[in-house]
Each structure stands twice: as C-alpha cells, then as structure tokens.
Amino acid sequence: MGGVAIGGNSPVRIQSMTNTDTADIGATVTQVVALAKAGSELVRITVNNEAAAMAVPEIRAGLEAAEFGAVPLIGDFHYNGHLLLRKFPKCAQALDKYRINPGNVGSGELHEKNFAVMIAAAVEYMKPVRIGVNWGSVDQELLTKMMEENGGCDNGITAESGGKIPRGAPKSDAEVLREALVESALTSARRAESLGLPANKIILSVKTSDVQEVIATYEMLASRCDYALHLGLTEAGMGARGLISSAAALAVLLQRGIGDTIRFSLTPAPGATMALEQDTRTQEVEACQLLLQTMGLRQFRPLVTSCPGCGRTSSDRFQHLAKEVNAHLAQRMPEWQTSHPKAVGLKVAVMGCTVNGPGEAQHADIALSLPGKSEEPIATVFVQGKLLKTLRGESLGKEFISLIDDYVATHC
Ligand code: SF4
C-alpha cells in the first residue's frame, strides 16, 4: 500500500484515521502529519462527498510539501464511493487504498453494480482495497437471509432440552451475526477477485465493539481465508475503557498470529479543544505502538519498567525519577533513531526498593534501585545486571540520566 508492505512476513502495521472535515485541506494535512509523526504508518481519511473527493489530491500535494508525501492515504467510502471514484479520477489516483463497506454500497442489483464500479477503479489504478465489514452496518439482506435460513432467532434451549443447546438446533443470533460478518467479507473478497482485483490487494476486517465477539469473528475469518487482515475493536469508547478493551481484543488475536494492521478507535473527550483531540488521535497511535512493543512484536522506543511503589517507600522520589527518565527517553529518541538506532530496544528499570530492584535489573540494560525507606537520596545503578555504582544526593536523577546517555552512546 503506497510504499508500505502489509501481510505475509511484514511487521504488523499501525493505522489511524483523521476526524477533520476532509474538505478542509489545511486541517486534514496538519492532522495526517501529526499522526504520521506519532508513528501512524497508514492514515485513513473519510471521502464522504464531492468536496472531500476534490480535496484528496490537494491533501496529497500538501503532504508532499510538508515532506510527508510518503504517508499512505486510505479513502473511507460509504454509500456514494462508486459515484465519487468514477467522477473524481484524481481522487482515485491520489489515494493509496480504498476502504469499502459492503453493507453500505446499496441493495439488490445496485449492491452488485456499485461494488463492481469501485473494484473497477481499484483495478484501473492498481490500488488495494480493504473490505471492511462492521456489525453496525452489516449487509442487512444477507443477515436477514441467514437469520431466515437459521429457522428463527432462538437457539433451541427449552425445558425439554434440559437447558442445553440441542444437536442440530438453530444457532443463536450472535452466532448468525458472526457468520454474516465473515460471509459478507469473504463473498465480497471473492467477488472482487472475480472482477480482476488480485488477492494480494485485498485486506479484510470484521469489526464489532464487543471484545469476545471481535475475537471469535476474526478467528472464524482467519480460519477460512489467507487474505491480509486489519484488526480493530470498533467504537471502543473513551479513555481507559477504549484503551483496555482494544488492547484485550487485539492482544489475543495477535498472540494467535492473526492480524496484519491494527487500529485503536478512541472517542475524543467532548468539548475538547482541537489540540486535545489531536492528543487523543495520536494517543491511538502510541497505544498501538505500546501494544506491539510490549508483546515483543515490534520495537519503537525504549521501554521503562517501574514498580508501582508500596509502603516500603518513604517518598515519591522514584515516581519522579520514572517520569523524568520516560520524558528524557522520549525527547532523545528522534535523534537516536538515526545516530543510535538500537536504542529503540533499550530496557530501563526504575525501582522503589531492594525487594525487586536488583532482580528487575537483571532484565534491564540499565537500572536504578532506591533502597526503600530512606531519608537520604541514595540509589544503586546496574548495567546489564551488574552493579555499576551507587549514586547519592539530590542530583542522582540527573546522574542516572547521564549514565543512560553514556550507555546509548556506547552500546546502541
Ligand atoms: S520494588 Fe519495592 S517499593 Fe517497588 S513495589 Fe516492590 S516492594 Fe514496593
């Protein structure tokens, strides 16, 4: 997609989506650049009307002027994608991928016709397509047909069945919905292939907003095809709820080897200023990076292990130390990316006392452990598990940071 390989042995890619009005070229370019700077390797923009479609080539030009021209742009189409892609060839050309929701391309004969028009554009411009099914907009004709074929909405549990699902009983509504999501994605993918789109230009997604459902649905899909898959828990919610539910769902799937690109979909706080919304957007990207790195799938930045603290500590000194170390690493990393690229895999530990401090130091490249209850500022420093020195006095935080810099300069 653009210059970014997806699927096969490629790393799991990070995707995000703008929430600007795409027709507002300046705002959209600014947000795409912010997302790309944060580490988003693919950025999706909505293309919902003619103004948005006309803006797409300008957005591409704006990104090139800002030296972010290599960021692959995905156009998100619903309802009118067949009209926009046909009427605005420059838009079709400027995008790097089209996202098509088979539940939103019309019904009956129009469904087939509209879908074919969009795939024809993808074939003509040699663009990959994500067939993105979502349980909030699943193909209703298909779902109704599958519900009817299932013979009803209950699962056959009765007093006679002893509370168990009888053999050969109708499936539950949830199971039929899951089947419908997978069937919609696969039927559309096969149709796209029959229309000339190569299989390696097809990415599928089957998003729901329920953690267990999204896991079960993607597992079913992965067992039935080998298309590249984009993972996401749709409408994950705000703040901690969105972060944790997305991480829970995606971690299970990634651990099972399922997923080629990921996105966290977080709701920005209401009434947030543009800057705060931007934070939420880039937070999605950071969350994806942290998920992939903490699972050992990719490396993006040095990781700091720090303990939660407990009654064995007599001050919040180690909390301040952990914060300062995190801030320092984040600030130095852009420069280290070129001068000391191995710094992305650096492991630093900041521990509150000797109970776990020296032990945790065995798993870190460089670690600091405070002694626990002590009025005197004192801390031992370990490098690759071996005691290096003891730091004393109020400047021990600065000295530790300087030791980290020395470590990076000599080992990364
Ligand atoms: S390392 Fe020490 S201070 Fe930190 S949580 Fe463990 S026992 Fe408490």
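Computed from a prediction, not measured in an experiment: that's the story for all the values here. (Residues numbered from 1 in each chain as written. Predicted model: local features only at pLDDT ≥ 70, side-chain atom pairs only at ≥ 80, totals over all residues.)

**Q** Break down the overall build of the protein for me, citing the residues and quoting the values.
**A** Secondary structure assignment for the protein yields 13 helices and 13 strands. When the backbone C-alpha atoms are referred to their principal axes, the protein occupies close to 80 × 65 × 40 Å. By the burial criterion, 40% of the 412 residues in the protein qualify as buried. Pairs at least 24 apart in sequence give 67% of the contacts found in the protein among residues at least 6 apart. (Helix = DSSP H or I, 4+ residues; strand = E, 2+ residues; numbered from the N terminus. Buried ≥ 20, exposed ≤ 12 C-beta atoms within 10 Å, placed from the backbone. Contact = placed C-beta atoms within 7 Å.)

**Q** Break down the packing of helix α11 (residues 317-339) against helix α13 (residues 396-411) for me, with residues and values.
**A** Axis separation between α11 and α13 bottoms out at 11 Å; the angle between their running directions is 30°. As summarised for this structure, α11 and α13 are arranged roughly parallel, according to the angle between their axes. Remark: the crossing between α11 and α13 carries right-handed chirality. Side by side, α11 and α13 meet where Leu321, Glu324, Val325, His328 and Trp336 of the first sit next to Gly397, Ile401 and Val408 of the second. Here the residues of the contact of α11 with α13 sort into five nonpolar, two polar and one charged. (Axes fitted to C-alpha atoms, helices over the stretch in contact; angles between N-to-C directions. Parallel < 35°, antiparallel > 145°, perpendicular 65-115°, else oblique. Left-handed = near helix turned anticlockwise from the far one by under 90°. Nonpolar A, V, L, I, M, F, W, Y, C, P; charged D, E, K, R; others polar.)

**Q** I'd like a rundown of the sheet that holds strand β9 (residues 303-306), residues and numbers included.
**A** Within the open sheet, the five strands sit side by side as β9-β10-β11-β12-β13. Their pairing is mixed. The sheet terminates laterally at β9 and β13 (386-392), the two strands that pair on one side only. Each strand axis lies, on average, 20° off the axis of its neighbour in the sheet, ignoring direction. Pairing geometry for strand β11 (residues 366-369) and strand β12 (residues 378-383), over four bridges, is antiparallel. Paired with Ser369 across the two strands is Thr380, which belongs to β12. Across the sheet, α11 is in contact with β9, β10 (347-351) and β11; its angle to β10 comes to roughly 160°. (Pairing = 2+ DSSP bridges.)

**Q** Please give an account of the packing of helix α6 (residues 140-150) against helix α7 (residues 173-194) that cites residues and values.
**A** The relative placement of two packed helices comes down to the angle between their axes together with the axis-to-axis distance. Interhelical geometry of α6 versus α7 gives an angle of 135° and a closest axis separation of 10 Å. Considering their axes alone, α6 and α7 lie oblique with respect to each other. Note on packing geometry: the crossing formed by α6 with α7 is right-handed. Note on element contacts: α7 touches α6 through Val176, Leu177, Glu179, Ala180, Glu183 and Ser184, opposite Leu142, Leu143, Met146, Met147 and Asn150. Its residues placed into classes, the contact of α6 with α7 shows seven nonpolar, two polar and two charged.

**Q** Please give an account of α7 that cites residues and values.
**A** Here α7 contains 22 residues, and its C-alpha end-to-end distance of 31 Å stays within 8% of the 32 Å for a straight helix at 1.5 Å per residue. Within α7 the residues assigned to the buried category are Val176, Arg178, Ala180, Leu181, Val182, Glu183, Ser184, Ala185, Ser188, Ala189 and Ala192. Tucked inside the fold, the buried residues of α7 contact α5 (108-125), β5 (129-134), α6, β6 (202-207) and α8 (211-224). Just downstream of α7, Gly196 is the residue with a positive phi angle, here 110°. (Expected span 1.5 Å × (residues − 1).)

**Q** Can you explain the site of the ligand? Please cite residues and give values.
**A** As a structural note, the neighbourhood of the ligand is formed by Cys307, Pro308, Gly309, Cys310, Arg312, Thr313, Met351, Gly352, Cys353, Val355, Asn356 and Gly357. Here the shell around the ligand is built from residues that sort into six nonpolar, five polar and one charged. (Near = placed C-beta within 6 Å.)

**Q** Could you give an account of the sheet that holds β6, with specific residues and numbers?
**A** Whenever strands of a sheet pair, they do so through backbone hydrogen bonds, lying parallel or antiparallel. Around the barrel, eight strands lie side by side as β1-β2-β3-β4-β5-β6-β7-β8; this closed barrel has parallel pairing. Ignoring which end each strand starts from, the neighbouring axes of this sheet average 25° apart. Note that strand β3 (residues 73-77) and strand β4 (residues 97-100) share four bridges and pair parallel. Residue pairing for β4: Gly75 is matched across the bridge by Tyr98.

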